[in-house]
Amino acid sequence: MGVFTQIAGLIISLSFLVFTHELGHYMFARIFKTRVDKFYLFFNPGFSLIRMKRFNGRSHFSFFSKEAPASWAEHPEKTEWGLGWLPLGGYCSINGMVDETTSADELPSEPQSYEFRAKPAWQRFFIIVGGVLTNFISAIVIYAAILFIWGKEEIPLSNATFGLQFSDVALSAGFEDGDKIVSVDGKTTEKMSDLVMMMLLDDTKEVTVNRNGELIEIPIPSDFDQQVLASGDNTFITYNFPFVIAEISNSTPASNAGLETGDSIVSINGNTYISFFGFQRELRTNKNQEVTLELYRNHRRIEKTVQLDDSGLLGVRPKGPFDLLPTEKIEYSFFASIPAGIQTGVGQLKNYVKQFKLIATKEGVKQLGGFGTIGSIFPKTWNWEMFWGMTAFLAIILAFMNILPIPALDGGYILFILVEMITRRKPSDKFIGYANMIGLSLLIILVLYANGMDILRWIGK
């Protein structure tokens, strides 16, 4: 069920983002009295699940049809609204615009006043930029709503009672599990997210840690970001926390041994560990063996003998850092959430622009992913706060990617319009059509590559 929940989250999120993006184009087109021939959620090659056009004072529907009813052609000024069957996007077909739905040869020889190509450059600019603008505004609204409804809860780095846990790449750089971060290049930070961004994107030279009461300076390799990308480990640094059982699955080593929720495990075969991660490593070294666990239950220290299987796992879900470490939560009123939402949206955009430089690197290209990668970041159990948080972040990504000056994307059209404004010469419709074909071909290759990488990672598991 976890995978199906992720797939559902991905489809619903992308549907919302595509709808709001195309709605931005639609609204500005109608503001400037430009006809919109079709507005579709999902693509409809071959046939449409639903078609609707409103004329003569009523709504007319067509279901599972290859083409719209012939009578609808008598009302070309009305928009056909539809739902396709291929949930990979959607489109807003603007009359007189050369795009993926209309070629230059399909346009009449003389531009009509209601066509996109007949509008002044500044109006066409806003029609095109409307999609990106709507996505960014959507992200801000969502962030504001999240802060208003759920607030913001974080674990300050100063509250990392058990220190931090590091990946192999970070350990090889000189960190040790349990280290507490004091400063990064002399700057203090209280947020884990800021710490990660600084170490990956800001060319960090040195990190100072508190190790058992002693301040130690750790030089960071110049290619640290590339090492992290090459490792494929998305969390090269996280909070250490003790091993306390939150949930036990049926018919697992833990349930068979009589472990209970709330048990706090403190040692394995006499070896004491401070954090959950230490226990996890030790358990995996004892696959298919019998181990003795020492644990606290209701303030009493007891022993349990557990027969592990070939996975080396107990079959439990541990309590996480937000359950065990001191947190700080900020509540927002309705009016306070608005500027906080704007600040969050702008901050996320700045961070993503910084991260984008990693994609152009050797290791960054290897880490590109398609729908599988995007879907994997959605939670396996439905969580509205996480769903809307991911949707807002994807809205930021969609806005940024679409503004890139690549033909077939909104940024390509914007580039052509800006060139026209500067030179006072409009590129021909055929030139725009050829440029879009090239851009679209490159985008298809990129999508195939990204999804192909997903398949290779899946096969390699």
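Structure's up top.
The structure reproduced in this document is the subject of the present report. Values in this document were obtained by computation on a predicted structure and should not be read as measured data.

Our focus in this paragraph is the packing of helix α2 (residues 121–150) against helix α13 (residues 410–423). At a minimum axis separation of 9 Å, α2 and α13 run at an interaxial angle of 160 degrees. Judged by the angle between their axes, α2 and α13 are roughly antiparallel. Once α2 is placed against α13, the crossing between them reads as left-handed. On the side of α2, the interface is formed by A121, W122, R124, F125, I128, V129 and V132, while α13 contributes D410, Y413, I414, I417, L418, E420 and M421. Counted by class, the contact of α2 with α13 contains 11 nonpolar, no polar and three charged residues.

Turning our eyes to something else, we now look at the nonpolar core. Of all hydrophobic cores here, the largest spans 31 residues; its most connected members are L164, F175, I181 and I237. By residue number, the principal contributor to this core is helix α4 (residues 192–201), which donates eight residues. Once residues lying within four places of it in the same chain are set aside, the contact partners of F175 are F166, A170, I181, M199, V207, V209, R211, I218 and I220. F39, V98, F416 and I432 belong to the second largest nonpolar core, which has 22 residues in total.

All right, on to the packing of aromatic side chains then. One pass over the structure, following the stated rule, counts 30 aromatic pairs. Look at F32 and W122: their rings are 5.3 Å apart centre to centre, the planes differ by 80 degrees, and that puts the pair in the edge-to-face class. Here the residue F32 occupies a position in the loop between α1 (2–31) and β1 (36–43), and W122 occupies one in helix α2, the gap between them amounting to 90 residues. A ring pair is formed by W384 and F387, whose centres lie 5.7 Å apart and whose planes are at 90 degrees; its orientation type is edge-to-face. Separated by three residues within a single helix, W384 and F387 lie in helix α12 (residues 384–403), roughly one turn from each other. The class for W384 is partly exposed, based on a relative accessible area of 47%. For F387, a relative accessible area of 3% translates into the label buried.

Let us look at the sheet that holds strand β10 (residues 214–219). Spatial ordering of the open sheet is given by β8-β9-β10, a layout of three strands whose pairing is antiparallel. Both outer strands of the open sheet, β8 (180–184) and β10, are each paired with one neighbouring strand and no more. On average, adjacent strands in this sheet sit at an angle of 30 degrees to one another, irrespective of strand direction. Here strand β9 (residues 206–211) runs beside β10; their pairing, made up of six bridges, is antiparallel. If you follow E206 over to β10, its bridge partner there is P219.

We now examine unusual backbone geometry. Positive phi, close to 55 degrees, is recorded for N212, a residue that is not glycine. Take N212: it is sitting in the loop between β9 and β10. Accessibility expressed as a relative area gives 82% for N212, which makes it exposed. Of note in this structure, N269 is not a glycine but carries a positive phi near 50 degrees. Looking at the element boundaries, N269 is found in the loop between β13 (264–268) and β14 (271–272).

Thresholds applied
- Residues numbered from 1 in each chain as written.
- Predicted model: local features only at pLDDT ≥ 70, side-chain atom pairs only at ≥ 80, totals over all residues.
- Heavy atoms only, no water.
- Axes fitted to C-alpha atoms, helices over the stretch in contact; angles between N-to-C directions.
- Helix = DSSP H or I, 4+ residues; strand = E, 2+ residues; numbered from the N terminus.
- Parallel < 35°, antiparallel > 145°, perpendicular 65-115°, else oblique.
- Left-handed = near helix turned anticlockwise from the far one by under 90°.
- Contact = heavy atoms within 4.5 Å.
- Nonpolar A, V, L, I, M, F, W, Y, C, P; charged D, E, K, R; others polar.
- Core = buried A, V, L, I, M, F, W, Y, C linked by side-chain atoms within 4.5 Å.
- Buried < 20%, exposed > 50% of the residue type's maximum accessible area, 1.4 Å probe, protein only.
- Phe/Tyr/Trp six-rings, centres within 6.5 Å; stacked < 30°, edge-to-face > 60°.
- Pairing = 2+ DSSP bridges.

Shape descriptors only; they carry no functional weight alone.
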